[in-house]
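# Chain and residue survey
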Amino acid sequence: MAEISQALTATPVDVAALRRMAISEGGLLTDQIRCKVWPKLLNVQTDDLLDKPGAALRENNKDYQQVLLDVRRSLRRFPPGMPDEQREGLQEELIDIILQVLLRNPQLHYYQGYHDIVVTFLLVVGEKLATALVEKLSTHHLRDFMDPTMDNTKHILNYLMPIIERVNPEVHDFMQSCCCLVSIGGNYACVFFSRAEVGTIFALSWLITWFGHVLSDFRHVVRLYDFFLACHPLMPIYFAAVIVLYRESEVLECECDMASVHHLLSQIPQDLPYETLISRAGDLFVQFPPSELAREAVQQQSQRTAVSTFKDFELVSAQQRPDTVLRLRFKEQRTKEVDSKAVLARPRSSRFVKLAVMGLTVALGAAALAVVNTAFQWAPKIDLQLFP
């Protein structure tokens, strides 16, 4: 807490130190500290916040009905035991924040799950500051998810399997070999998705809500937000990868069909070792940066993606860039822990041979991924119930 306070009172504010604190064990510790630090991490000025919107905001708003439905279903995102009157007041504020951000940024498109992110900011920093933070976040880190199509979202999901392959080829091969039968919301739909995209769809709700929809303990949610706000926009997909890698034994013991694998992985454990996984995700980002994985991530990035616009978002000082902070942290850790094991790709086991003999398609490489990059574009259009 003393280091955070020192960084906040420095002239100028030591953003690099705040990033280190947000990444390091325990994160930013309290919501009171987050109210001060989150704006610095997003480079948001807090002395000129927007006034509370009037009733006209909701009139003839094309997104109002969908936002209203989603917010009404968000009861479990509020602290248990909260009085109904207080919760209903917060839900009204949640609607206003979302509509105000969309009104001020017509290039952004609302998506189901966006409210799960916004409610986290509302509960931590209050309505006025949450509006400013969410607006900055929506035009940078979340920008890919707010396009009129899912192309950029799918592009980010396509980073998942290359990360897993670098660390554990056996898990990668097993997941790629499973058949294209996917369970969504309890209903089975056999569709012609590419194996790469069906194999990562379990992580979609994790990614587009920053895990807010799937974690029941609010402490864990805000801890992850500390981490994500201090890092590159692709860090949530690295965290998704380490969750899969952490559950290696469960995955390999699962029936080799995508319905079983999807069901297993979509039920995220609530007792994960979050600090360990956060540390490992940061280390994997340094070892296998997005630039190294881009060729395998299939889709060609547009100039409007969060990844490509991130350089515009970074603060001027190079030492304050989150990528630099992660690399310094990784270097310091390796210096202190000379005997610690490096994250090395394990040799492919005999499971690969067995699966190949069974006639299953396994181990899609970069060339194959480049061919099967857009399943949603040519698959039958179905209603994906991603948020039960």
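Rules behind the numbers
Residues numbered from 1 in each chain as written. Predicted model: local features only at pLDDT ≥ 70, side-chain atom pairs only at ≥ 80, totals over all residues. Heavy atoms only, no water. Helix = DSSP H or I, 4+ residues; strand = E, 2+ residues; numbered from the N terminus. Buried < 20%, exposed > 50% of the residue type's maximum accessible area, 1.4 Å probe, protein only. Contact = heavy atoms within 4.5 Å. Salt bridge = Lys/Arg side-chain N within 4 Å of Asp/Glu carboxyl O. Axes fitted to C-alpha atoms, helices over the stretch in contact; angles between N-to-C directions. Left-handed = near helix turned anticlockwise from the far one by under 90°. Nonpolar A, V, L, I, M, F, W, Y, C, P; charged D, E, K, R; others polar. UniProt positions renumbered as here; feature names shortened; annotations may be inferred. Phe/Tyr/Trp six-rings, centres within 6.5 Å; stacked < 30°, edge-to-face > 60°. Parallel < 35°, antiparallel > 145°, perpendicular 65-115°, else oblique. Core = buried A, V, L, I, M, F, W, Y, C linked by side-chain atoms within 4.5 Å. Expected span 1.5 Å × (residues − 1). Polar contact = N/O pair within 3.5 Å; in protein donor to acceptor, adjacent residues only side chain to side chain.

### Some thoughts on the overall build of the protein
- When helices and strands are tallied, the protein shows 23 helices and two strands.
- Counting the 388 residues in the protein, one finds 56% classified as buried.
- Across the protein, every contact between residues at least 6 apart in sequence was considered, and the portion connecting residues at least 24 apart equals 78%.

### Digging into the pattern of salt bridges
- Taken as a whole and judged by the stated rule, the model has 16 salt bridges.
- Among the ionic pairs, D147 bridges to R143, the shortest N-O distance being 2.6 Å. Here the two residues D147 and R143 agree in accessibility, since each one is buried.
- The network of salt bridges with shared partners includes D31, R34 and D226.

### A closer look at the packing of helix α4 (residues 64-72) against helix α5 (residues 84-104)
- Interhelical geometry of α4 versus α5 gives an angle of 140° and a closest axis separation of 10 Å. In this structure, α4 meets α5 at a crossing whose hand is right-handed. Contacts between α4 and α5 involve Y64, V67, L68, V71 and R72 from the first element and Q91, L94, I95, I98 and L99 from the second.
- Considering only residue class, the contact of α4 with α5 consists of eight nonpolar, one polar and one charged.

### What to know about the UniProt feature "transmembrane region" (unreviewed entry) in the protein
- As annotated in UniProt, the feature "transmembrane region" (unreviewed entry) corresponds to residues 198-215, 227-246 and 355-379 in the numbering used here.
- Spanning residues 227-246, this segment combines 75% helix with 0% strand, and its end C-alpha atoms are found 19 Å apart.

### Brief notes about the packing of aromatic side chains
- Inspection of every chain in the model, using the stated rule, returns 15 aromatic pairs.
- The interplanar angle of 50° and the centroid separation of 5.8 Å between the aromatic rings of F121 and Y225 together place this pair among those described as tilted. Here the residue F121 occupies a position in helix α6 (residues 114-125), and Y225 occupies one in helix α13 (residues 218-229), the gap between them amounting to 104 residues. The same class applies to F121 as to Y225, namely buried.
- Each ring, one from W210 and one from Y225, has its centre 5.3 Å from the other, and the planes form 85°; the classification is edge-to-face. A residue pair is termed long-range when its members are at least 10 positions apart, and W210 in the loop between α12 (204-208) and α13 and Y225 in helix α13 qualify at 15 residues.
- On the basis of relative accessibility, which here comes to 0%, the residue Y225 falls in the buried class.

### Some words on the packing of α6 against α13
- As a packed pair, α6 and α13 sit with axes 11 Å apart at the nearest point and diverge in direction by 100°. The pairing of α6 with α13 is recorded here as roughly perpendicular in orientation. Taken together, the residues of α13 that come into contact with α6 (itself represented by D116, I117, T120, F121, L123 and V124) are F218, V221, V222, Y225 and L229.
- Among the residues forming the contact of α6 with α13, the class breakdown is nine nonpolar, one polar and one charged.

### Comments concerning the nonpolar core
- Judged by nonpolar contacts, the single largest core of 109 residues is most densely connected at W38, Y114, F121, F211, I237, Y238 and F239.
- Among the elements that line this core, the one with the most residues is helix α14 (residues 235-246), at 10 residues.
- Not counting residues up to four positions away in its chain, the partners in contact with I237 are I156, L157, Y159, L160, I163 and L207.

### A look at α14
- Along its 12 residues, α14 runs 16 Å from first to last C-alpha, staying within 8% of the 16 Å computed at 1.5 Å per residue.
- Counting buried positions over the 12 residues of α14 gives 11, a clear majority of the element.

### Focus on unusual backbone geometry
- Here the bond from T11 into P12 is cis, since omega is -5°, no more than 30 degrees from zero.
- Of note, P12 is situated in the loop between α1 (2-9) and α2 (15-23).
- The phi dihedral of L29 falls on the positive side, at around 75°, and the residue is not glycine.
- Its location among the elements puts L29 in the loop between α2 and α3 (31-41).
- Phi angles above zero are rare outside glycine, and W210 is one such case at about 50°.

### Details of the environment of N105
- In this fold, N105 is placed in the loop between α5 and α6.
- On the basis of relative accessibility, which here comes to 9%, the residue N105 falls in the buried class.
- Among the polar contacts listed, one links the side chain of N105 to the side chain of E135, at a separation of 2.9 Å.

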